[in-house]
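What follows is the residue order along each chain.
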Amino acid sequence: MAEAPNTKEKVVVRFPPSPTGFLHVGGARTALFNWLFARHHGGQFLLRLEDTDRERSEDRFVEDILESLRWLGLKWDGEPVFQSRRIERHKEVAAQLVEKGFAYKCDCTPEALDAYRKECQQKKLPYRYPGICRDKKEVRAPYVLRIRVPDDGETRFADMIRGEITIPNKDIEDWVLVRSDGNPTYNFVVVVDDHDMGVTHILRGEDHINNTPKQAMLYEALGYALPKFAHLPMILGSDRTKLSKRHGAASTLEYRKMGYLPEAMVNFLVRLGWSFGDEEVFTVDKLKSVFSVEHIGKANAIFNTEKLDWLNGIYLREKPSQELSDYMQQYFKEELTFAKSVPAASFVEGVKIIQGKVKNIPELIEQLYCLFGEDPDYDLTALKDAEKAPAKQAISDVSALLDASDFSIEDLEKRIRGYADDKGEKFGKIAKAVRFSLTGGKISPGLFEMISVQGKETVQRRMGRALKALG
RNA sequence: GCCCCCAUCGUCUAGUGGCCUAGGACGUCGCCCUCUCACGGCGAAAACAGGGGUUCGAACCCCCUUGGGGGCGCCA
């Protein structure tokens, strides 16, 4: 049953990656949850590139992120916002903050602070900016802008997943709003941008919980309405730590290369931290109708691809062969050059008889190569010695039998099964010999389907070569 | 060290006080189906971290311990 989207509440969410690296699967899942949340509520899903760290931001990462989202089918609304282009606005708000007395200038040097930080570590004391410049009348450039955090009290906020979260103000330092070079920091701009973009709900990783009170103070200081927060459980690597570059194929697009279908990836990712009773397999449409934060869990999940493989097999099996062929032409063109001269219709037929037996696209391509690539090398160990002579006989008989066949599956089945019956042989034996002649080994798609797809010329040529190999 | 969050099979999870001798899924292992490989079917092993409460009754509520994760930047 499609649940009617809640149209009463306006929903605007955003996904704000920073283009300082590839989009890893944790980020992809955050994007997915946001997108699903927006689609479920008939709201907007905005994209913002947090590229204020000019040193580390790169265009290729922007492209990687956009391409990852496109691949997964997570269409964003409107044009992506580049945070770096909003710096004048950020400075304007910073000035307001100083004017209202919520922020002050600080000329402590990074070196001095580092030394103090080390000292704290040695003494096993918690480090926090000690407030040296809080009441200074005069500061010398270069200086940073710090927010004045109350010494007492606590800051609390509601989390849609975890309930109320409370953090004592004494544990929050007078953090930097604007760097000495004039560039604003993350915790500051994120508030300004989310407000300006009209963001109503923030779904993000649990690693941001500690940033939330800092941001909440700013919302209050600026008189902005506080959005609703939902801190998602994290996806951890197999070593149970936060996902990062060193976790092998952490980049989303790598999974495309590994031959996972986007629908499998989406299905897999959504089940990491979200559930819907006993159901495991979801179409995107179904997700749009049933997704809800209430079913998001609290505990971190380990990224383990066993279930992904299973899901991928399901989606591979179900995908219309023509669509799957097109998909492969789009993303695996290089790998398919061996099939250039194969007629399109035969290629699709080939895909059709293999797609149900593999769990990713490289495996599918490997099998297609067996069908359409170069003739195989014959692995004589595939047949026991005692099987070789009867196999030769069967191969040569079947080859002759095929002269008159129209190569339809029905006709092939009738002829070959008939031959086995006539000979008083088990069909399995004949099949094994024929399979060997066409593949050089013992594994193949269904025999008749394979023969039909390969066609008379290839089949008889390979049979001839097999006979030669058998001596 | 300080702060925050979390805790059910190996993994993803259902479970919101009695329906739980804890359900599903992946993976693993048997068996069946079968022209091979897959698919599919059937079955098995496999978990409430520990200790205290509260209650007639606790996987579920509270506290402590332990364990795990995250955060403590002029990164985002």
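Residues numbered from 1 in each chain as written. Chains lettered and ligands numbered in written order. Predicted model: local features only at pLDDT ≥ 70, side-chain atom pairs only at ≥ 80, totals over all residues. Heavy atoms only, no water.

K.L.:
Which residues make up helix H13 (residues 361-372), and what values do they have?
P.N.:
Taking 1.5 Å per residue as the helical rise, H13 with its 12 residues ought to reach 16 Å, and the 16 Å between its terminal C-alpha atoms agrees with that figure. Residues of H13 that are buried include every one of Ile-361, Leu-364, Ile-365, Leu-368, Leu-371 and Phe-372, and no others. End-on, the buried residues of H13 take up no more than an arc of 110°, which puts them together on one face. (Helix = DSSP H or I, 4+ residues; strand = E, 2+ residues; numbered from the N terminus. Expected span 1.5 Å × (residues − 1). Buried < 20%, exposed > 50% of the residue type's maximum accessible area, 1.4 Å probe, protein only. Arc of directions from axis to C-beta.)

K.L.:
Can you break down the layout of surface pockets residue by residue, with the values?
P.N.:
In this structure, the largest pocket occupies an estimated 1200 Å³ of space. Forming the walls of the largest pocket are 37 residues, and the residues nearest its centre are Pro-16, Pro-17, Ser-18, Asp-207 and His-208. Breaking the lining of the largest pocket down by element, the ones donating at least two residues are strand S1 (12-15), helix H1 (25-40), helix H5 (186-196) and strand S9 (201-205). Looking at the lining of the largest pocket, its residues break down into 13 nonpolar, 14 polar and 10 charged. For the lining of the largest pocket, the domains that each give at least three residues are domain 1 (12-79 + 234-305) and domain 2 (83-232). (1 Å grid on protein atoms, 1.4 Å probe; cavity = no way out; pocket = protein on both sides within 12 Å on 5 of 7 lines; lining within 4 Å. Points joined across faces, edges and corners; volume = space filled by probe spheres on them. Nonpolar A, V, L, I, M, F, W, Y, C, P; charged D, E, K, R; others polar. Domains from an automatic or database assignment.)

K.L.:
Account for the protein's contact with RNA strand B, naming residues and giving values.
P.N.:
Lining the immediate environment of RNA strand B, one finds 66 residues, of which Arg-179, Lys-242, Gly-273, Lys-357 and Arg-435 sit closest. Backbone atoms, meaning sugar plus phosphate, form 72% of the atoms of RNA strand B positioned within 4 Å of the protein. In the environment of RNA strand B, a phosphate oxygen lies 2.9 Å from a nitrogen or oxygen atom belonging to the side chain of Arg-117. Contact between RNA strand B and Gly-356: a sugar or linking oxygen at 3.2 Å from a main-chain N or O atom of the residue. Of all the elements in the fold, those that place two or more residues in the surface near RNA strand B are helix H4 (110-122), strand S7 (163-168), H5, strand S12 (301-302), helix H10 (306-318), helix H16 (427-439) and helix H17 (447-469). Of the residues contributing to the surface near RNA strand B, the split by class is 23 nonpolar, 18 polar and 25 charged. (Near = heavy atom within 4 Å. Polar contact = N/O pair within 3.5 Å; in protein donor to acceptor, adjacent residues only side chain to side chain.)

K.L.:
Please set out the sheet that holds strand S4 (residues 103-106) residue by residue, giving values where relevant.
P.N.:
Spatially, the three strands line up as an open sheet ordered S4-S5-S8, and their pairing is antiparallel. In this open sheet, the two strands that pair with only one neighbour each are S4 and strand S8 (176-178). Ignoring which end each strand starts from, the neighbouring axes of this sheet average 45° apart. Taken together, the four bridges between S4 and strand S5 (residues 144-147) define a ladder with antiparallel strand orientation. Of the residues in S5, the one forming a bridge with Cys-106 is Val-144. (Pairing = 2+ DSSP bridges. Axes fitted to C-alpha atoms, helices over the stretch in contact; angles between N-to-C directions.)

K.L.:
With reference to specific residues and values, describe the packing of aromatic side chains.
P.N.:
Enumeration over the complete set of coordinates arrives at 17 aromatic pairs. Ring geometry for Phe-347 against Phe-372: centres 6.5 Å apart, planes inclined by 25°, an arrangement best described as stacked. With a gap of 25 residues between them, Phe-347 in helix H12 (residues 344-354) and Phe-372 in helix H13 connect regions that are remote in the sequence. A residue is classified by how much of its surface remains accessible, and Phe-347, at 5% relative accessible area, is buried. Here the aromatic residues Phe-33, Trp-274, Phe-276, Phe-282 and Phe-291 are joined through ring pairs into a cluster of three or more. (Phe/Tyr/Trp six-rings, centres within 6.5 Å; stacked < 30°, edge-to-face > 60°.)

K.L.:
Break down the packing of H5 against helix H6 (residues 212-222) for me, citing the residues and quoting the values.
P.N.:
Each packed pair of helices is defined by two parameters, the angle between the axes and the distance between the axes. Orientation of H5 relative to H6, taken along the N-to-C sense of each, is 50°, at an axis distance of 9 Å. It follows from the interaxial angle that H5 and H6 lie oblique. Handedness of the H5/H6 crossing: right-handed. Along its contact with H5, which presents Tyr-186, Asn-187, Phe-188, Val-190, Val-191 and Asp-194, the element H6 presents Lys-214, Gln-215, Leu-218, Tyr-219 and Leu-222. (Parallel < 35°, antiparallel > 145°, perpendicular 65-115°, else oblique. Left-handed = near helix turned anticlockwise from the far one by under 90°. Contact = heavy atoms within 4.5 Å.)

K.L.:
Account for the side chain of His-90, naming residues and giving values.
P.N.:
Considering the arrangement of structural elements, one finds His-90 in helix H3 (residues 87-99). Excluding residues that lie within four positions of it along the chain, His-90 makes contacts with Gln-83, Pro-184, Phe-188, Val-189, Val-192 and Asp-193.

K.L.:
Give me the sheet that holds strand S3 (residues 81-82): which residues, what numbers.
P.N.:
Strand order in the open sheet formed by three strands is S1-S2-S3, and the pairing between neighbours is parallel. Strands with a single pairing partner mark the edges of an open sheet, and in this sheet they are S1 and S3. Where strand S2 (residues 44-49) meets S3, two bridges bridge the pair, whose relative direction is parallel. Each bridged residue has a counterpart across the sheet, and for Arg-48 the counterpart in S3 is Val-81.

K.L.:
Account for the pattern of salt bridges, naming residues and giving values.
P.N.:
Per the stated rule, a full pass over the model turns up 44 salt bridges. Here Arg-56 ties to Asp-53 by a salt bridge, and the two come within 2.9 Å at their closest N and O atoms. On the basis of relative accessibility, which here comes to 52%, the residue Arg-56 falls in the exposed class. The residue Arg-89 makes a salt bridge to Asp-196 at a minimum N-O spacing of 2.7 Å. Of this pair, Arg-89 sits in helix H3 while Asp-196 sits in helix H5, and the two are 107 residues apart along the sequence. Note on Arg-89: relative accessible area 23%, which makes it partly exposed. Residues joined by salt bridges that share partners form a network here, namely Arg-14, Arg-48, Glu-50, Arg-86, Arg-89, Glu-92, Asp-193, Asp-194 and Asp-196. (Salt bridge = Lys/Arg side-chain N within 4 Å of Asp/Glu carboxyl O.)

K.L.:
Can you lay out the domain arrangement of chain A for me, pointing to particular residues and giving the numbers?
P.N.:
As assigned here, chain A comprises domain 1 (12-79 + 234-305), domain 2 (83-232), domain 3 (319-372) and domain 4 (380-469). For domain 3 versus domain 4, the distance between C-alpha centres works out to 23 Å. With both chains or domains summed, domain 3 and domain 4 bury close to 710 Å², and 68% of this area falls on carbon and sulfur atoms. Taken as a group, Ile-353, Cys-370 and Leu-371 account for 59% of the area that domain 3 buries against domain 4, more than any other trio of residues on that side. Linking domain 3 with domain 4 are zero salt bridges, by the criterion used here. The set of elements that each furnish at least two residues to the side of domain 3 that touches domain 4 consists of H12 and H13. Per-element tally for the side of domain 3 that touches domain 4: the top contributor is H12, with five residues. (Buried area = accessible area lost by both parts, 1.4 Å probe.)

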